[in-house]
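# Structural description and commentary
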Amino acid sequence: HRLNQAALAALPPDVIRPGYDRAGTRIGIVHIGVGAFHRAHQAVYVDDVLASEPDWAICGVSLNSCDVRDALQPQDGLYTLALLGQNPSLRVIGSIRELLFAREQRDEVLRRLADPLVRIVTLTITEKGYCLAGADLDLAHPEIVHDLASPDAPNGAIGYVVAGLAARRKLHLPPYTVLSCDNLPENGRKLARAVVQYAWKVDPDLARWIEAEVAFPCSMVDSITPATDEALRERVATQLACTDAWPVQREAYTQWVVEDSFCNGRPALERVGVTLSADIAGYDRAKLRLLNAPHSALAYLGALMEIETVAQAMATPVLAAFVERLMHDGIVPNVKAPAGFNAGAYVEAILARFRNPAIQHRLLQIAWDGSQKLPVRLLGTIGDALAAGHPIDLLCLPVAAWMQFVRRQARNGVTLVDPMAEVLAEVGRATTGDANDDVARFLALDSIFAPLSADDRFVDAVRVAYVRLGDGTPAAVWRALSD
Ligand code: NAD
């Protein structure tokens, strides 16, 4: 039989389930984009909220596919969350009370958005869903063109957010807060700009009202949520003794930092582990520099050593020891942490996450797009370290490892996944193994290395690191890390 409200009572005792009366909850949040991440992250925080505040249940809206609605509606919105790690656990989440597929249920979605009880609209629609061209709304995007031609019958996320706000303004209702939970820096600012630019085309008075009245807090989210696979479905079915059409899984670690700027009330998020901060940019930076930079270091050094996943890299003592040193001695002294941020605890949590063998995070995937990632992940820290007169030798080893990685892929004829793939392949093929020449070729790529490449201390340190990695073979990298 199937997981649903009636099946809850009979679940095995070790399965955690909603500790509140679901029937007594009311929908206060509309969420657009009910993908795995929303169900494994925000919906879980809201499940905790509902234990003391029943007015914040979720209506989940899908814009592109009926799959989530069709899987979860027969389950009364219930689904299982599997936490991956040392103490794997299963928890049934009850916070999603309604599921709508907008293409078939547009009126119901619009009615929900205009419901005075709804006070927050959240989104996880991936970067594409925002229809941005640079910092602006892409007015030529087919979805935007369509929605602007019929703003009362939209298809896209921006169109729905604005149609709902327009309806509320007409009804003299207070607006809802619009909260992006997607992984893009300055997500609230970008969303606000897109919404206002769209509304401007619909009705300038509406746009002015939105600018004056609607809050678009920024947020930072973090919790690795691998897509659901058959193995998870089977494990959940066995442990629950009933079937769940769409369970989700994530690592135990979770972080949600939200700017405390809401225009129509909010639940007590701070009571369920959410950090409220005015400095989301600071948290984004800390994540890039303390989490993503060591990830890249593992990716390039690990790929040279022919290691496949992050957990396997962390199980390789020389590499794990290097990354720990890189974080503690190379990065932490140069991070400007947001107020109240505990860098030491953050580093320990990150190292534990990297070691988690239940998460199969492939190093080659992390290695993608190095030309875009190096500047924000590593080179900014190096610039700050130089300005402060701090040593940069640890920080330059992963930079040199990236160069060796590009060289190796080019010489093996492997196409890089990178917007600069062609240029990089050319540089990689032109390398000779001579550190002076090779490093100079790479550092001439101004879009990546300017202005750092003008600093002799940087050039020297990269050259030393490049020499240290020898010919970039697994044995050579091993020796370099063991020094
Ligand atoms: P998913 O594939 O399970 O879900 C994607 C969701 O986005 C679906 O609901 C889909 O309908 C919607 N969507 C896709 N394109 C859209 C569009 N053009 N317009 C509107 N909606 C659209 O993926 P996921 O794991 O849930 O990830 C979704 C987002 O969550 C990511 O893009 C990222 O911003 C954020 N996130 C994910 C993770 C993770 O580990 N999976 C971690 C942090 C943040």
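Analysis parameters
Residues numbered from 1 in each chain as written. Predicted model: local features only at pLDDT ≥ 70, side-chain atom pairs only at ≥ 80, totals over all residues. Heavy atoms only, no water. Axes fitted to C-alpha atoms, helices over the stretch in contact; angles between N-to-C directions. Helix = DSSP H or I, 4+ residues; strand = E, 2+ residues; numbered from the N terminus. Parallel < 35°, antiparallel > 145°, perpendicular 65-115°, else oblique. Left-handed = near helix turned anticlockwise from the far one by under 90°. Contact = heavy atoms within 4.5 Å. Nonpolar A, V, L, I, M, F, W, Y, C, P; charged D, E, K, R; others polar. Domains from an automatic or database assignment. Buried area = accessible area lost by both parts, 1.4 Å probe. Salt bridge = Lys/Arg side-chain N within 4 Å of Asp/Glu carboxyl O. Polar contact = N/O pair within 3.5 Å; in protein donor to acceptor, adjacent residues only side chain to side chain. Core = buried A, V, L, I, M, F, W, Y, C linked by side-chain atoms within 4.5 Å. Buried < 20%, exposed > 50% of the residue type's maximum accessible area, 1.4 Å probe, protein only. Pairing = 2+ DSSP bridges. Near = heavy atom within 4 Å. Areas by Shrake-Rupley, 256 points an atom, 1.4 Å probe, with all protein chains shown as cover.

### So, the packing of helix α12 (residues 317–331) against helix α13 (residues 343–355)
One can describe the packing of α12 onto α13 by two numbers: an axis separation of 11 Å at closest approach and a directional angle of 160°. Between α12 and α13, the angle falls in the class roughly antiparallel. As α12 runs across α13, the sense of the crossing is right-handed. Contacts from Val323, Glu324, Met327 and His328 of α12 reach α13 at Val347, Glu348, Ile350, Leu351 and Arg355. In terms of residue class, the contact of α12 with α13 is built from five nonpolar, one polar and three charged.

### Side note on unusual backbone geometry
In this chain, Ala450 is followed by Pro451 through a cis amide linkage whose omega measures 0°. If you trace the backbone, Pro451 turns up in the loop between α19 (446–449) and α20 (456–468). The residue Asp76 is not glycine, and still its phi comes out positive at about 55°. Tracing the backbone through its elements, the reader meets Asp76 in the loop between α3 (67–72) and β3 (79–84). Phi angles above zero are rare outside glycine, and Asp369 is one such case at about 60°.

### Description of the domain arrangement of the chain
Here the domain parsing of the chain yields domain 1 (5–277) and domain 2 (281–482). Spacing between the C-alpha centres of domain 1 and domain 2 amounts to 35 Å. Opposite the 17 residues of domain 1 that make contact, domain 2 presents 12 residues. A buried area of about 1,200 Å², summed over both sides, lies between domain 1 and domain 2, and 59% of it is on carbon and sulfur atoms. Contact with domain 2 buries surface across domain 1, with Met220, Ile224 and Tyr253 losing the most and accounting together for 37% of the total. Taken together, the connections running from domain 1 to domain 2 amount to two salt bridges. At the junction of domain 1 with domain 2, the criterion picks out five residue pairs in polar contact (both at pLDDT 80 or more).

### What about the nonpolar core?
In this structure, Ile382, Trp402, Met403, Phe449 and Phe458 are the most contacted members of the largest nonpolar core, which totals 81 residues. For this core, the element with the highest residue contribution is helix α10 (residues 280–304), accounting for 13 residues. Here this core spans two domains, since at least three of its residues come from each of domain 1 (5–277) and domain 2 (281–482). If we skip the residues at most four places from it in the chain, Ile382 touches Ile392, Leu395, Cys396, Val399, Leu452 and Phe458. Val118, Val161, Trp209 and Val272 belong to the second-largest nonpolar core, a separate cluster that totals 75 residues.

### Remarks on the sheet that holds strand β13 (residues 275–276)
The strand order across the open sheet formed by three strands is β10-β12-β13, and the pairing between neighbours is mixed. Two strands in the sheet have a free side with no partner beyond their single neighbour: β10 (219–222) and β13. Here β10 runs beside strand β12 (residues 255–258); their pairing, made up of four bridges, is antiparallel. Directly across from Met220, in β12, lies its bridge partner Val257.

### What about the pairing of strand β6 (residues 120–123)?
For a regular strand, side-chain orientation follows a simple rule: the groups alternate between the two sheet faces. Alternating residues of β6 divide into Ile120 and Thr122 and Val121 and Leu123, and every residue in both groups is buried. Alignment of strand β1 (residues 27–32) against β6, held across four bridges, turns out to be parallel. Its bridge partner lying in β6, His31 is registered against Thr122. Across four bridges, the pairing between β6 and strand β9 (residues 177–180) is parallel. When the bridges of β9 are listed, Val121 appears paired with Val178.

### Focus: the site of the ligand
Taken together, 17 residues surround the ligand, and among them Ala36, Phe37, Asp182, Asn183 and Thr225 come closest. Here an oxygen atom of the ligand and a backbone polar atom of Asn183 are 2.8 Å apart. Here an oxygen atom of the ligand and a backbone polar atom of Ser223 are 3.5 Å apart. Burial of the ligand by the surrounding chains reaches 73%, relative to a free accessible area of 820 Å². Looking at side-chain class alone, the shell around the ligand contains seven nonpolar, nine polar and one charged residues.

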